[in-house]
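Breakdown of the fold
Below are the chains, spelled out letter by letter.
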Amino acid sequence: EKPYVFITRKVPEETVKPLEDIATVHMWSSEEEPVPPDVLLEEAKHADALYTMLSERIDDSLLEQADNLKVIANLAVGYDNIDISAATKRGIAVCNTPDILSDTTADLTFSLLMATARRIVEAAQYIKNDQWKNWSPLLMAGTDIHHKTIGIVGMGRIGSAVAKRATGFDMEILYHNRSRKREVEDQLGATYASFDQLIQKSDYVVCLAPLTDETRDMFNQETFSKMKSSAIFINASRGQVVDETALYEALSNQVIAAAGLDVFREEPIASDHPLLGLDNVVALPHIGSASLETRYGMANLASRNIAAVLSGRTPEAIVNDSVLTS
Ligand code: GLV
Ligand code: GLV
């Protein structure tokens, strides 16, 4: 009997084809609507593989009932939605989609930075609202990007790709990371800084750090108060790294100048959320890796990760590779 794979959202059919040769694949029928938790639990009880989105919470109590489960493949580089230690202790492989999305996510992060600095969204709305009556010297005047200081918090693959883009804008690059990254220092001229130094000196504070116990609420009232009043905060990692109430206060009291946000504590964010009412916020619906090329690439990789584990091969991208040797 073929192994059973449950996919928690509708993904492009052609990216699932290779899996169908070796497994019985069932896909939740909607592209937009997440699978209800009770349906997910029932599926998990007999699935050999779960192919998940970052919107699904895979916790210890679900895994406890997933007796056949061998692999969880997340369609994301981040995996904070999955209890990794609970999966590891049960020998379940957790796979993700790194590398393939780094350049695409860096492009979006840099776009968000530029859109926020140069007030692109506000300006585009202004013209569509028929508000443009005259050219005037300071109309929609924003802030320069070139020759400014960018501070990248989380110098992983995406952070490095953002740093590379920043060199093209003659920016000074600071970074903070758990470990020093000599290659970005040597190749891109980035300078390591303590978190405090980085937030104090940067014109653009860009968060690309994964969500962990150390990064949760890392951007709070104290952090914002240490930033320049002209600082622009960009978040393309996870909403939970930010205290959103503190961010709202900082933005509405000119403690910092503006924010570009691709991620939120609650996703989707409520349309009446105070942050969305601010002119100095550019908000995007978590689209960091959302190019057609990259989303198809990620979906193919997720399928290959599952096929590898189910066939006893080493997957291309595994988060807890200790389960392979045990
Ligand atoms: C998106 O946020 C991802 O982790 O891939
Ligand atoms: C994180 O895993 C990254 O690629 O930056």
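Residues numbered from 1 in each chain as written. Chains lettered and ligands numbered in written order. Predicted model: local features only at pLDDT ≥ 70, side-chain atom pairs only at ≥ 80, totals over all residues.

**Re the overall build of the protein chain**
Quick note on the threshold: Strands here are runs of E lasting at least two residues and helices are runs of H or I lasting at least four, both read from the DSSP assignment and numbered beginning at the N terminus. Only the C-alpha atoms count toward the radius of gyration. The rule for a globule is 2.2 Å times the residue count to the power 0.38. Burial is judged by counting the other C-beta atoms within 10 Å of a residue's own C-beta: 20 or more makes it buried, 12 or fewer makes it exposed, and any count in between marks it as partly exposed, with every C-beta position built from the backbone. The contact criterion used is a C-beta to C-beta distance within 7 Å, with each C-beta placed from the backbone.
Secondary structure assignment for the protein chain yields 13 helices and twelve strands. Relative to its length of 326 residues, the protein chain is compact, with a C-alpha radius of gyration of 21 Å against a globular reference of 20 Å. Within the span of the protein chain, comprising 326 residues, buried residues form 42% of the whole. For the protein chain, contacts bridging at least 24 residues in sequence account for 63% of all contacts bridging at least 6.

**Considering the site of ligand 1**
Spelled out, the test is: Near, as applied to residues and a molecule or strand, means the residue's backbone-placed C-beta atom lies within 6 Å of it. Residues were grouped as follows: Ala, Val, Leu, Ile, Met, Phe, Trp, Tyr, Cys and Pro as nonpolar; Asp, Glu, Lys and Arg as charged; and all remaining residues, including Gly, as polar.
Residues in close proximity to ligand 1 include L54, A76, V77, G78, L101, G288 and S289, which together make up its full environment. Grouping the amino acids of the shell around ligand 1 by side-chain chemistry returns four nonpolar, three polar and no charged.

**Points about the sheet that holds strand β9 (residues 204-207)**
Filter applied, for reference: Pairing between strands is defined by DSSP: at least two bridges between them are needed.
Across the sheet, which stays open at both edges, the seven strands sit in the order β8-β7-β6-β9-β10-β11-β12 with parallel pairing between neighbours. For this open sheet the edge positions go to β8 (191-192) and β12 (281-283), each flanked by a neighbour on one side alone. Two elements, strand β11 (residues 258-261) and β12, share three bridges in a ladder whose sense is parallel. Bridging across to β12, L261 finds its partner in A283.

**Quick word on the UniProt feature "domain: D-isomer specific 2-hydroxyacid dehydrogenase catalytic" (unreviewed entry) in the protein chain**
How we decide: UniProt positions are given in the numbering used here, feature names are shortened, and annotations may be inferred rather than shown by experiment.
Annotation from UniProt places "domain: D-isomer specific 2-hydroxyacid dehydrogenase catalytic" (unreviewed entry) at residues 5-320. Between the end C-alpha atoms of residues 5-320 the distance is 20 Å, and the span holds 36% helix and 14% strand.

**Overview of the nonpolar core**
Most often, soluble globular proteins keep nonpolar side chains buried together rather than apart. To be explicit about the condition: Only buried Ala, Val, Leu, Ile, Met, Phe, Trp, Tyr and Cys residues enter a nonpolar core, and they are joined through C-beta atoms within 7 Å.
In this structure, I152, V162 and V206 are the most contacted members of the largest nonpolar core, which totals 54 residues. The biggest single contributor to this core is helix α5 (residues 102-117), with six residues. Residues in contact with I152, not counting those within four places in the same chain, are G159, V162, A163, I173, Y175, V206 and L208. In this structure, V5, I72, V77 and M298 belong to the second largest nonpolar core, which totals 45 residues.

**Describing α5**
The criterion, for reference: Every helix has an expected span of 1.5 Å times one less than the residues it contains.
Its 16 residues place the ends of α5 22 Å apart at the C-alpha level, agreeing with the 22 Å of an ideal helix rising 1.5 Å per residue. Those residues of α5 that fall on the buried side of the exposure criterion are T104, T105, A106, L108, T109, F110, L112, L113, T116 and A117. The positive-phi residue at the C-terminal boundary of α5 is R119, with phi of around 55 degrees.

**Observations regarding the site of ligand 2**
By nearness alone, every residue bordering ligand 2 is listed as V77, P98, S102, G156, R157, I158, G159, L208 and P210. Residue contributions to the shell around ligand 2 peak at three residues, all from helix α7 (residues 157-167). For the shell around ligand 2, the per-class residue count stands at five nonpolar, three polar and one charged.

**A look at the sheet that holds strand β2 (residues 24-27)**
Two modes of strand pairing occur in sheets, parallel and antiparallel, and in both the strands are linked by backbone hydrogen bonds. Put simply, the rule reads: Only C-alpha atoms enter the line fits that serve as axes; for helices the fit covers just the stretch in contact. Angles between N-to-C directions range over 0 to 180 degrees.
Reading across from one edge, β2-β1-β3-β4-β5 is the order of the five strands in this open sheet, with parallel pairing throughout. Where the open sheet ends on each side, the last strands, each with one partner, are β2 and β5 (93-95). When strand polarity is set aside, the average angle formed by the axes of neighbouring strands in this sheet is 15 degrees. The sheet contact formed by strand β1 (residues 4-7) and strand β3 (residues 49-52) spans three bridges and is parallel. Residue V5 lies in a different strand from β3, and its bridge partner there is A49.

**Brief notes about the packing of helix α1 (residues 13-20) against helix α12 (residues 292-310)**
Between two packed helices, both the angle of their axes relative to each other and the distance between the axes serve to describe the pair. Defined as follows: Under this scheme an angle from 65 to 115 degrees is roughly perpendicular, one under 35 degrees roughly parallel, and one over 145 degrees roughly antiparallel; angles in between are oblique. Each crossing gets its handedness from the near helix: less than a right angle anticlockwise from the far helix is left-handed, clockwise is right-handed.
It is the contact of α1 with α12, at a shortest axis distance of 9 Å, that shows an interaxial angle of 15 degrees. What the angle tells us is that α1 and α12 run roughly parallel. Of the two possible hands of crossing, α1 and α12 adopt the one that is right-handed. Of α12, the residues touching α1 (which contributes T15, V16, P18 and L19) are Y296, A299, N300, S303, I306 and A307. Across the contact of α1 with α12, the residue classes tally to seven nonpolar, three polar and no charged.

**Digging into unusual backbone geometry**
Trans peptide bonds make up the majority, and among non-glycine residues the majority have a negative phi. Omega for the bond connecting E267 with P268 falls within 30 degrees of zero, at -5 degrees, which places this linkage in the cis form. Looking at where P268 falls in the secondary structure, it is placed in the loop between β11 and β12. Positive phi outside glycine occurs at D217, with the angle close to 60 degrees. Of the residues examined, D217 has 13 C-beta atoms within 10 Å and is grouped as partly exposed.

**A look at the pairing of β11**
Across a regular strand the side chains alternate sides, sitting on one face of the sheet and then on the other. Condition: Viewed with both strands pointing away, a crossover whose connecting path from the first strand over the helix to the second turns clockwise is right-handed.
Side chains of β11 alternate between two faces, with A258 and G260 and A259 and L261 buried alike. The pairing of strand β10 (residues 232-235) with β11 spans four bridges and is parallel. Each bridged residue has a counterpart across the sheet, and for F233 the counterpart in β11 is A259. Tracing the backbone out of β10, into helix α11 (residues 244-252) and back to the parallel element β11 gives a crossover that is right-handed.

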